[in-house]
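Topology and contacts: notes
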Amino acid sequence: MAVGRPRAFDTEAALEEAMKVFWRLGYEGASLAELTKAMGINSPSLYAAFGSKEGLFKAVLDHYDARRESCMAEVLGAPTARATAERLLFGLVDLVTDPDEPPGCLFLQGGLSCGVSTQEIPHELARRRALLEDSLRKRFARSREDGDLPDTADPAALARYLVAVCNGIAIQATTGAGRAELRDIASLALHAWSA
């Protein structure tokens, strides 16, 4: 049985470059020519490794998720519900304003506008964003059980609130808001949390 040639490119490095293209241009806006140029590969290599543009995008989303796992572990491991919210908001501000990456959030920008033939993309991004909300809801439910939050607290509403603020911060970052401005938003959200 013949064995195929080994992949002649670094998959992680290629995903990193493709991620930046999708992040800046969205799924629809990222052409195969731009993707292959950024990744340093040709179209046949892209198809051999990922199957399709959509396959590449899903691999990029997994790569993006993996990069944020340790950050989310730190957020969810905070000692209190308020500390969880604080770590989430201020950590997000740092991520969406990282000068080494495009501003904002790939999970928001990747598929805000897609055509009829790519309707799965916005649904996939929404599903991944919902995982954050679900993780926060579970964390806040635990806080309520432990007495850190009052019995009247609604973990689902708190999680939705924080995700909405996070989405707003990410969108503001894409329109040029700086780290100091975004920290002000996070501080106001935490003030509302305290109230």
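Structural notes, computed from the coordinates. Since this is a predicted model, take the numbers as computed values, not measurements.

As for the environment of Arg 160
- Its location among the elements puts Arg 160 in helix 8 (residues 155–174).
- C-alpha of Arg 160 to C-alpha of Leu 46: the two residues are 114 residues apart in sequence and 37 Å apart in space.

Comments concerning the side chain of Arg 68
- Within the fold, Arg 68 resides in helix 4 (residues 53–76).
- In this structure, Arg 68 is in contact with Trp 23, Leu 95 and Glu 101, ignoring residues within four places of it in sequence.

Observations concerning helix 7 (residues 120–145)
- Counted at 1.5 Å a residue, the expected span for helix 7 with its 26 residues is 38 Å, and the 37 Å between its end C-alpha atoms agrees.
- For helix 7, the complete set of buried residues consists of Ile 121, Glu 124, Leu 125, Arg 128, Leu 136, Arg 139, Phe 140, Ala 141 and Ser 143.
- Directly beyond the C-terminal end of helix 7, a positive phi value near 85° is found at Gly 147.

What to know about the packing of aromatic side chains
- A complete count under the given rule lists five aromatic pairs for this structure.
- Ring geometry for Trp 23 and Tyr 64: centres 5.2 Å apart, planes at 90°, overall edge-to-face. With Trp 23 in helix 1 (residues 11–29) and Tyr 64 in helix 4, this pair connects stretches of sequence that are 41 residues apart.
- Accessibility expressed as a relative area gives 1% for Trp 23, which makes it buried.
- Each member of the aromatic cluster is reached from another via a ring pair, and the members are Phe 22, Tyr 27 and Phe 57.

Quick notes on the state of the cysteines
- Under the definition given, this model contains zero disulfides.
- Note on Cys 166: no disulfide assigned, nearest cysteine sulfur contributed by Cys 105 at a separation of 9.1 Å.

Brief notes about the nonpolar core
- Membership of the largest hydrophobic core comes to 55 residues, with the highest contact counts inside it found for Phe 22, Met 39, Leu 56, Leu 89, Phe 140 and Ile 169.
- Ranked by the residues each element gives to this core, the list is headed by helix 8, at nine residues.
- With residues near it in sequence (within four places) discarded, Ile 169 still touches Leu 89, Leu 92, Val 93, Val 96, Leu 182, Ile 185 and Ala 186.

A short note on the packing of helix 1 against helix 2 (residues 32–39)
- Where helix 1 meets helix 2, the closest approach of the two axes is 8 Å, and the angle between their N-to-C directions is 160°. Compared by their axis directions, helix 1 and helix 2 come out roughly antiparallel. The interaxial crossing formed by helix 1 with helix 2 has right-handed handedness. Along the contact surface, helix 1 presents Ala 14, Glu 17, Ala 18, Val 21, Phe 22, Leu 25 and Gly 29, while helix 2 presents Glu 34, Leu 35, Ala 38 and Met 39.
- Its residues assigned to classes, the contact of helix 1 with helix 2 shows eight nonpolar, one polar and two charged.

About the cut-offs
- Position numbers for residues count from 1 along each chain, tracking the sequence in the order it is written.
- Totals for whole chains, interfaces and linings use every residue, but because this is a predicted model, local features are given only for residues with pLDDT of at least 70 and side-chain atom pairs only at 80 or more, for both listing and counting.
- The side-chain figures draw on all heavy atoms in the structure; neither hydrogens nor water molecules are used.
- Numbered from the N terminus, helices here are DSSP runs of H or I no shorter than four residues, and strands are runs of E no shorter than two.
- Two residues form a contact once any of their heavy atoms are found within 4.5 Å.
- Here the expected span of a helix is defined as 1.5 Å times the quantity of residues minus one.
- Only protein chains enter the area calculation, which uses a 1.4 Å probe; residues under 20% of their type maximum are buried, those over 50% are exposed, and those in between are partly exposed.
- Stacked, tilted and edge-to-face are the three classes assigned to paired rings of Phe, Tyr and Trp, where Trp is represented by its six-membered ring and a pair needs centres within 6.5 Å; plane angles under 30 degrees give stacked, over 60 edge-to-face, the rest tilted.
- Any cysteine sulfur atom paired with another within 2.5 Å is treated as part of a disulfide.
- Only buried residues count toward a nonpolar core. Its members are Ala, Val, Leu, Ile, Met, Phe, Trp, Tyr and Cys residues joined through side-chain atoms within 4.5 Å.
- To define axes, lines are fitted to C-alpha atoms, for helices over the stretch in contact only, and angles between the resulting N-to-C directions are given on a 0 to 180 degree scale.
- Each angle is binned into one of four classes, with values under 35 degrees roughly parallel, values over 145 roughly antiparallel, values of 65 to 115 roughly perpendicular, and all other values oblique.
- Here a crossing is taken to be left-handed if its near helix is turned anticlockwise relative to the far helix by less than a right angle, and right-handed if that turn runs clockwise.
- Here the nonpolar group is Ala, Val, Leu, Ile, Met, Phe, Trp, Tyr, Cys and Pro; Asp, Glu, Lys and Arg are the charged ones; every other residue, Gly included, is treated as polar.

The analysis is restricted to geometry; functional conclusions fall outside its scope.
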